[in-house]
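# Coordinate inspection notes
In case you want the letters, here they are:
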Amino acid sequence: MALLIYYNQIRNDPNEVEYQFGETRDTLDRTLTIDKTNHTAQTATPEDGIFRTAAGQIMIRAKREKTWPPNGVIAS
């Protein structure tokens, strides 16, 4: 199964970072929030594979780059 996820940072405060994400560049209709202290992610919508992939890849990229990414695309 192919997966394509776009994401865009909408908030970055000292404790949390929040992203809009979705399956097309024009439809970033979901949000996820990452707690910077314990590196957990949450969403108001059901947690599915797209949410878990987006949150995981954003956290991996943030750890590698030592900053929270402003936007990006995940293809797998």
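Description of the structure in this document. (Residues numbered from 1 in each chain as written. Predicted model: local features only at pLDDT ≥ 70, side-chain atom pairs only at ≥ 80, totals over all residues. Heavy atoms only, no water.)

## Topic: the pairing of strand 5 (residues 71-75)
Burial of strand 5 is one-sided: the residues G72 and I74 facing one way are buried, the residues N71, V73 and A75 facing the other way are not. Two strands pair when backbone bridges link them, and strand 1 (residues 4-12) and strand 5 are joined in this way by five bridges, in the antiparallel orientation. From the neighbouring strand, Y7 faces strand 5, where its bridge partner is G72. (Buried < 20%, exposed > 50% of the residue type's maximum accessible area, 1.4 Å probe, protein only. Helix = DSSP H or I, 4+ residues; strand = E, 2+ residues; numbered from the N terminus. Pairing = 2+ DSSP bridges.)

## Observations regarding the environment of E16
Locating E16 in the fold gives a position in strand 2 (residues 16-22). Residues E16 and K36 lie 20 residues apart in sequence; the distance between their C-alpha atoms is 5.3 Å.

## Let's talk about unusual backbone geometry
Positive phi values are uncommon outside glycine, yet H39 reaches one of about 55°. Summarising the element assignment, H39 is placed in the loop between strand 3 (30-35) and strand 4 (40-42). On the basis of relative accessibility, which here comes to 45%, the residue H39 falls in the partly exposed class. With a phi angle near 60°, K66 is a residue other than glycine that sits in the positive phi range. With respect to the helices and strands, the residue K66 is situated in the loop between helix 1 (49-65) and strand 5. With a relative accessible area of 73%, K66 lands in the exposed category.

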